[in-house]
Amino acid sequence: MITYGKLQPNPVILQSEELYNYILETSVYPREPALLKELREATAKHPRAFFGTNPDAGQLLALLLKLINAKKTIEIGVFTGYSLLVTALNIPEDGQIIAVDVDRVAYEIGAPIIEKAGVHKKINFFESQGLQVLDKLLQDKANEDSFDFAFVDADKDNYWNYHERLMKLVKVGGLLIYDNTLWGGAVAKPEEEVPEIKRYFRRHTVEFNAAITADDRIEISHVPSGDGLLICKRLR
């Protein structure tokens, strides 16, 4: 089983810290809500802070949520809740989010800030493996084709398993978004040039990207935002 002990943050996809910081300072941070900033700064104190959603990716998620008027969403992989708060702030007052993560301790870092934002009642948090929750949801036929939006930032070796289940839960026209799909640029390098600690998830990410490209049930766009976002729209 893969361990996270020595895992380091991926380099920025732009391969230029200066350009990435320019985007953050010019376009992202000036529009970042104060409570999102507070949650981001609280996350920065965590030893695995790099697990959090990049703020530029969060900004894109917010725009997509508004464009499709999402109301019912699901998030697999919450960590401290940055992307979760993004979602909660950008769906209606009667919106619903199913949020799943194995680490409640990390979630509790952001929970007080989410409550301060007044959006905590939209969230139903499950401390669980993602597949277990998805399988339970699928036991009820009423959940099929009922979600508008799904965001996955979890165990990369299960991305395709998540995809197959989410394709039954997200309605036609809805969005499924997968994070870390460029894996710090490692997907474009020969495996022998990638640090050994990153090879396992790199291999699964490459396989997942190829499988998504071949999936004619969806329309896709692969965006070099954050650590790579693969945006999928369900067609059928």
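Remember, predicted model here, so these are calculated numbers, not experimental data. (Residues numbered from 1 in each chain as written. Predicted model: local features only at pLDDT ≥ 70, side-chain atom pairs only at ≥ 80, totals over all residues. Heavy atoms only, no water.)

Chemist: Tell me about the overall build of the protein chain, residues and numbers included.
Modeler: Helices and strands together make up the secondary structure of the protein chain, namely eight helices and seven strands. Whereas a compact globule of 236 residues would reach a radius of gyration of roughly 18 Å, the protein chain reaches 17 Å, a difference of no more than 12%. For the protein chain, the spread of C-alpha atoms along the three principal axes comes to 45 × 40 × 30 Å. Put simply, the protein chain has 236 residues, and 50% of those count as buried. (Helix = DSSP H or I, 4+ residues; strand = E, 2+ residues; numbered from the N terminus. Rg over C-alpha atoms; globule rule 2.2 N^0.38 Å. Buried < 20%, exposed > 50% of the residue type's maximum accessible area, 1.4 Å probe, protein only.)

Chemist: Let's hear about the sheet that holds strand β7 (residues 229-234): which residues, and what values?
Modeler: Taken in spatial order, the seven strands line up as β3-β2-β1-β4-β5-β7-β6 in an open sheet, and their pairing is mixed. The sheet is open, and its two borders are formed by β3 (123-127) and β6 (218-223), each paired with just one other strand. Averaged over all adjacent pairs, the angle separating strand axes in this sheet is 15 degrees, with direction ignored. Bridge count for strand β5 (residues 170-179) against β7 is five bridges, and the pairing is antiparallel. Note that in β7 the partner of Tyr178 across the bridge is Leu230. Where helix α7 (residues 159-169) meets the sheet, it contacts β1 (72-76), β4 (147-152), β5, β6 and β7, and its direction lies at approximately 160 degrees from that of β5. (Pairing = 2+ DSSP bridges. Axes fitted to C-alpha atoms, helices over the stretch in contact; angles between N-to-C directions. Contact = heavy atoms within 4.5 Å.)

Chemist: Any details on the pairing of β7? Residues and values, ideally.
Modeler: The buried fraction of β7 amounts to five of the six residues, a majority that puts the element mostly inside the structure. Across six bridges, the pairing between β6 and β7 is antiparallel. Looking across to β7, one finds that Val223 is bridged to Leu229. What sits between β6 and β7 in their antiparallel hairpin is a turn of five residues, with Gly226 showing a positive phi close to 60 degrees.

Chemist: Just give me the short version of the packing of helix α2 (residues 34-43) against helix α5 (residues 104-116), but keep the residues and values in it.
Modeler: It is at 10 Å that the axes of α2 and α5 come closest, and there the two elements cross at 170 degrees. Classified by the interaxial angle, the pair formed by α2 and α5 is roughly antiparallel. Seen from α2, the contacting residues are Leu35, Glu38, Leu39 and Ala42; seen from α5, they are Ile109, Gly110, Ile113, Ile114 and Lys116. (Parallel < 35°, antiparallel > 145°, perpendicular 65-115°, else oblique.)

Chemist: Residue-level account of the nonpolar core, with values.
Modeler: Among the nonpolar cores identified, the biggest contains 31 residues, and Leu84, Leu85, Tyr107, Ile114, Ile123, Phe149 and Ile177 are the most heavily contacted of them. Setting aside residues up to four positions removed in sequence, Leu84 forms contacts with Glu75, Val78, Ile97, Ala99, Tyr107, Ile114 and Ile123. (Core = buried A, V, L, I, M, F, W, Y, C linked by side-chain atoms within 4.5 Å.)

Chemist: Report on unusual backbone geometry, specifying residues and quantitative values.
Modeler: Across residues other than glycine, the phi torsion is negative in most instances, and most of the peptide bonds are trans. One non-glycine residue, Asn180, lies in the positive phi region at around 65 degrees. Structurally, Asn180 can be placed in the loop between β5 and α8 (196-213). One non-glycine residue, Trp183, adopts positive backbone phi at about 45 degrees. Positionally, Trp183 belongs in the loop between β5 and α8.

Chemist: Which residues make up a nonpolar patch on the surface, and what values go with them?
Modeler: Taken together, the side chains of Leu14, Leu19, Tyr22 and Ile23 make up a nonpolar region of the molecular surface, amounting to roughly 350 Å² of accessible area. Structurally, Tyr22 is set in helix α1 (residues 17-28). Judged by its relative accessible area of 51%, Tyr22 falls in the exposed class. (Patch = residues over 30% accessible without salt bridge, like charges linked within 9 Å, V, L, I, M, F, W, Y side chains within 5 Å. Areas by Shrake-Rupley, 256 points an atom, 1.4 Å probe, with all protein chains shown as cover. Salt bridge = Lys/Arg side-chain N within 4 Å of Asp/Glu carboxyl O.)

Chemist: How would you explain the environment of Ser225 if you had to name every residue and give the values?
Modeler: Along the polypeptide, Ser225 turns up in the loop between β6 and β7. Since its relative accessible area comes to 9%, Ser225 is described here as buried. The residues contacting Ser225, other than those within four sequence positions of it, are Asp56, Ala57 and Leu60.

Chemist: Can you explain the side chain of His163? Please cite residues and give values.
Modeler: Within the secondary structure layout, His163 lies in helix α7. What His163 contacts, discounting residues up to four positions off in sequence, is Leu176, Tyr178, Phe208, Ile212, Asp215, Arg217 and Ile218.

Chemist: Just give me the short version of the environment of Glu75, but keep the residues and values in it.
Modeler: In this structure, Glu75 sits in strand β1. Apart from residues no more than four positions distant in its own chain, Glu75 is found in contact with Ser83, Leu84, Thr87, Ile98, Ala99, Val100 and Phe151. In terms of polar contacts, Glu75 uses its side chain to reach the side chain of Ser83, at 2.4 Å. (Polar contact = N/O pair within 3.5 Å; in protein donor to acceptor, adjacent residues only side chain to side chain.)

Chemist: Talk me through the packing of aromatic side chains; I want residue IDs and the actual numbers.
Modeler: Any two aromatic rings considered together are summarised by their centre-to-centre distance and by the angle between their planes. As enumerated under the stated definition, the model contains nine aromatic pairs in all. An angle of 45 degrees between the planes, with centres 5.6 Å apart, marks the rings of Tyr159 and Tyr178 as tilted. With Tyr159 in helix α7 and Tyr178 in strand β5, this pair connects stretches of sequence that are 19 residues apart. Like Tyr159, the residue Tyr178 is buried in the burial classification. (Phe/Tyr/Trp six-rings, centres within 6.5 Å; stacked < 30°, edge-to-face > 60°.)

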